Amino acid sequence: MTFEKKTTCLLFFILTASIAINKGFAQDTDWREKLKDLQYSPRYFGPNAFPIPELHSGRTGTQWEVELRGEHHAYEGDRTKDVYVRTFIPVAEGRAGVEVGYIVYEYYNTTQETVEERHAAGRYWESGAHGDIVISSFYQLLRSERWADIMIEATLKTASGNRLADARYTDAATYWFNLNAGRYLYKSPGEQYSLRIQGLCGFYCWMTNDIVHRQNDAVLYAAGISGLYGNFTFNADIAGFYGYKNNGDRPLQLRTKLNYEYRENILSFRYRHGMKDSLYDSFSLAYIRCF
């Protein structure tokens, strides 16, 4: 090969490599540029990015619990499946408790319209995503059948979840506090049948990517009923929070749960219907082991 041909081949290689590098850099720049356009609110993120606290009827648990749950979340722009694990540890004979929950795996597939609406980088990720670690602490303030059972909850959601670029998890800390209360409306003498009302109110806060308003604050609320019939328990409530920005930060859910308990084992089925800024309908099946 002559010197001229070698020079031409070298120049062609350098030109081709430069185009590829510049193209890759442009794509990477486009991906990073989209991050500033993400809306840090439930409407524009995946179904697990902004969890709404559970109602506990004002009572802390007295037994260890280990839960494994499979979930399916759906709306017209997204199909999401995940595996969730949870551990509850009672403290001081049930007067307090600590709970840790974690989405160990999440598979998602969104439409192109949803990607564009959320300013996401892509429709799915082959390896899936993993979620945030949520650490909750509970303290029993009052336990009274005459008045009510009242406990306080304080929770921190870490920034351990990934796939921020796809608007799955926020990569930012979230915390909430609430008073959780419940009271019997009816209880049979042998406690085989009962009906309770329950509710909570509190404060919900999360960090955002807004340079001026670095966090969003919301009023947290829930109200519902729970019933016991033999080995079955049933819960129905409406829950949500109300952010001050009004940028998709006002989710509302109608939640139902049916549990069957046999000795130290619980099978739990849940259905959640999303309203307002909560877009997903969710189904889940869980196994809970008590110790």
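Everything discussed here concerns the structure shown above.
In short, a report on the structure. Only a predicted model underlies this, so the values are computations on that prediction, with no experimental measurement involved. (Residues numbered from 1 in each chain as written. Predicted model: local features only at pLDDT ≥ 70, side-chain atom pairs only at ≥ 80, totals over all residues. Heavy atoms only, no water.)

A few points about the nonpolar core
Thinking step 1. In terms of nonpolar packing, the biggest core is built from 20 residues, with Tyr-40, Phe-45, Phe-50, Tyr-204, Trp-206 and Phe-241 touching the most fellow members.
Thinking step 2. Counting only elements with at least two residues in this core, the list comes to strand S7 (193-207), strand S8 (215-229) and strand S9 (232-243).
Thinking step 3. Aside from chain neighbours lying at most four places away, what touches Tyr-40 is Phe-45, Phe-50, Leu-164, Thr-170, Ala-172, Trp-206, Met-207, Thr-208 and Asn-209.
Thinking step 4. With five residues, the next largest nonpolar core counts Ile-103, Tyr-108, Ala-129 and Tyr-169 among its residues. (Core = buried A, V, L, I, M, F, W, Y, C linked by side-chain atoms within 4.5 Å. Buried < 20%, exposed > 50% of the residue type's maximum accessible area, 1.4 Å probe, protein only. Helix = DSSP H or I, 4+ residues; strand = E, 2+ residues; numbered from the N terminus. Contact = heavy atoms within 4.5 Å.)

A look at the side chain of Asp-78
Thinking step 1. The topology assignment puts Asp-78 in strand S2 (residues 78-91).
Thinking step 2. Only 3.0 Å separates the side chain of Asp-78 from the side chain of Thr-80, close enough to count as a polar contact.
Thinking step 3. For Asp-78, the residues in contact, after removing those within four places along its chain, are Pro-47, His-73, Tyr-108, Asn-109, Thr-110, Arg-118, Arg-168 and Tyr-280. (Polar contact = N/O pair within 3.5 Å; in protein donor to acceptor, adjacent residues only side chain to side chain.)

Some remarks on the environment of Gly-224
Thinking step 1. Position of Gly-224 relative to the elements: it lies in strand S8.
Thinking step 2. Through-space distance from the C-alpha of Gly-224 to that of Leu-254 is 9.6 Å; in sequence the pair is 30 residues apart.
Thinking step 3. Residue contacts for Gly-224: discarding those within four places in its chain leaves Leu-55, Arg-196, Ile-197, Gln-198, Ala-236 and Asp-237.

Concerning the pairing of strand S3 (residues 96-110)
Thinking step 1. Alignment of S2 against S3, held across 14 bridges, turns out to be antiparallel. Bridged to Arg-86 within S3 is Gly-101.
Thinking step 2. Where S2 hands over to S3, the hairpin turn is made up of four residues, of which Ala-92 adopts a positive phi near 55 degrees.
Thinking step 3. Both S3 and strand S4 (residues 133-143) contribute to a ladder of seven bridges, which runs antiparallel. Bridged to Gly-97 within S4 is Phe-138. (Pairing = 2+ DSSP bridges.)

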